[in-house]
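# Architecture at a glance
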Amino acid sequence: MYNASVGFAYTRAAMPMEGYNGEIKKEDFKAIAEYFVEDYNSCVNELGIDEKGELKMPYSCEDMIAKIRLEFNKLNNDYFSNSVAHPKALGTSGLFNTVGIVGMYFGVLGEANYNTYATNAELPFYITHELCHSIGVMREDDAQLLTFYLLSTSKDPLLRCSAYYNTIGRIIDITSYTDNPNDRKEVIALISDEIRANQTYIYNHWKGKMFLYDFGNAINDWYLKIFSQNKGTISYDDTPTEVDPGGHVITLSNYQRIYFK
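This report concerns the structure included in the present document. (Residues numbered from 1 in each chain as written. Predicted model: local features only at pLDDT ≥ 70, side-chain atom pairs only at ≥ 80, totals over all residues. Heavy atoms only, no water.)

The pairing of strand S1 (residues 88–89) with strand S3 (residues 111–114) spans two bridges and is parallel. The residue of S3 that forms the bridge with Lys88 is Asn113. As defined by bridge partners, strand S2 (residues 103–106) adjoins S3 across four bridges and the pair is classed as antiparallel. When the sheet's bridge partners are listed, Phe106 is paired in S3 with Glu111. (Pairing = 2+ DSSP bridges. Helix = DSSP H or I, 4+ residues; strand = E, 2+ residues; numbered from the N terminus.)

This is how it looks when you write it as structure tokens:
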């Protein structure tokens, strides 16, 4: 039943998600990275953080889910199903913490589930990822990329903030390939104290909870390879930035191509 409901989707044609394909000029790298870091700062500043460093939720979880589901209206290609699931909270979230599972999609019932222990900065990304599976995007790299696109192009600061939390390092990385070795340090220095406090909060929040992570990761890796994702759990990661022997960028990573676009 599982193979019939979702198995074939792992071998579908390439997802129609076009990033930037124009000229890559290293003179633009720092300004592009600065732009997004400043927007990340703006999102966190608008939302605020509490005394522990947790990002403040401006509305209920149900309202957040409704806003996320509306973002899928931006997709107008027949490749994607227009039937977006309504995500459900995992009643066994505490158990799933131990193996590092923050969400899952069960294709037989069309259920997208999310871990309730996820922090506010993480939750929109995890929920959107599972909803991407519900519209027929089963490969993990595709689901990650589509999630980033949907959230990063949102007008909602919480949704953009979640996109940035999960990917901002990839656009900052591009500043490593300019002629100025200080560019990366200067861009990183722009990250606000509030963002740093939130990142520290998230690290401490998960510390000690995922004590069976390696076991859970091995099972997921095995599962993905069975369904033709030969890279296994590495599929969740962004593609590398390709450079020539002289250190000049010749191909942007998938996330960077969306940022540039």
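This is not the end of the story, as more comes after the structure.
Here we come to unusual backbone geometry. A positive phi angle, near 70 degrees, is found at Ser228, a position not held by glycine. Tracing the sequence through the fold places Ser228 in the loop between helix H10 (213–226) and strand S4 (242–243). When its relative accessible area of 44% is taken as the criterion, Ser228 is described as partly exposed. (Buried < 20%, exposed > 50% of the residue type's maximum accessible area, 1.4 Å probe, protein only.)

Our focus in this paragraph is the packing of aromatic side chains. Considering all chains together, one arrives at 15 aromatic pairs under this definition. Where Tyr20 meets Phe260, the ring centres are 5.8 Å apart and the plane angle is 45 degrees; that geometry is what we call tilted. Taken together, the residues span a long stretch of sequence, with Tyr20 in the loop between helix H1 (2–6) and helix H2 (29–47) and Phe260 in helix H11 (residues 254–260) at a distance of 240 residues. Residue classification places Phe260 among the buried positions, given a relative accessible area of 14%. Where Tyr223 meets Phe227, the ring centres are 5.0 Å apart and the plane angle is 55 degrees; that geometry is what we call tilted. Connected via pairs of aromatic rings, a cluster forms that spans Tyr35, Phe36, Tyr40, Phe148, Tyr164, Tyr255 and Tyr259. Note that Arg12 overlies the ring of Tyr79, its terminal NZ or CZ placed 3.7 Å from the centroid. Positioned over the ring face of Tyr149 is Lys74, at 5.7 Å from the centre of the ring. (Phe/Tyr/Trp six-rings, centres within 6.5 Å; stacked < 30°, edge-to-face > 60°. Lys NZ or Arg CZ within 6 Å of the ring centre and 35° of its normal.)

What follows concerns the packing of helix H5 (residues 123–134) against helix H7 (residues 157–173). Relative orientation and spacing of two packed helices are given, respectively, by the angle between their axes and the distance between those axes. Contact geometry of H5 with H7 gives a least axis separation of 7 Å together with a crossing angle of 90 degrees. In terms of axis orientation, H5 runs roughly perpendicular to H7. In contact with Pro124, Phe125 and Tyr126 of H5, H7 contributes Leu158, Leu159, Ser162, Ala163, Asn166 and Thr167. Of the residues assigned to the contact of H5 with H7, the class counts are six nonpolar, three polar and no charged. (Axes fitted to C-alpha atoms, helices over the stretch in contact; angles between N-to-C directions. Parallel < 35°, antiparallel > 145°, perpendicular 65-115°, else oblique. Contact = heavy atoms within 4.5 Å. Nonpolar A, V, L, I, M, F, W, Y, C, P; charged D, E, K, R; others polar.)

So, about the nonpolar core. Core analysis: the largest hydrophobic core is formed by 68 residues, its most contacted members being Phe72, Val137, Leu146 and Ile168. Contributions of two or more residues to this core are made by H2, helix H3 (61–71), S3, H5, helix H6 (140–152), H7, helix H9 (193–206) and H11. If we skip the residues at most four places from it in the chain, Ile168 touches Phe36, Val37, Tyr40 and Tyr259. (Core = buried A, V, L, I, M, F, W, Y, C linked by side-chain atoms within 4.5 Å.)

We now examine the side chain of Asn113. You can see Asn113 is positioned in strand S3. Not counting the four nearest positions on each side in its chain, Asn113 is found in contact with Lys88, Leu90, Gly103, Met104 and Glu130.

Time to look at the pairing of S2. The alternating pattern of S2 places Gly103 and Tyr105 on a buried face, while none of Met104 and Phe106, on the opposite face, is buried. In sequence, S2 turns back onto S3 through a hairpin of four residues, with Gly110 there showing a positive phi of about 65 degrees.

Okay, the sheet that holds S2 next. One open sheet accounts for three strands, arranged S1-S3-S2; its pairing is mixed. On the outer flanks of this sheet lie S1 and S2, each paired with one strand and no other.

Structural measurements only, silent on function.
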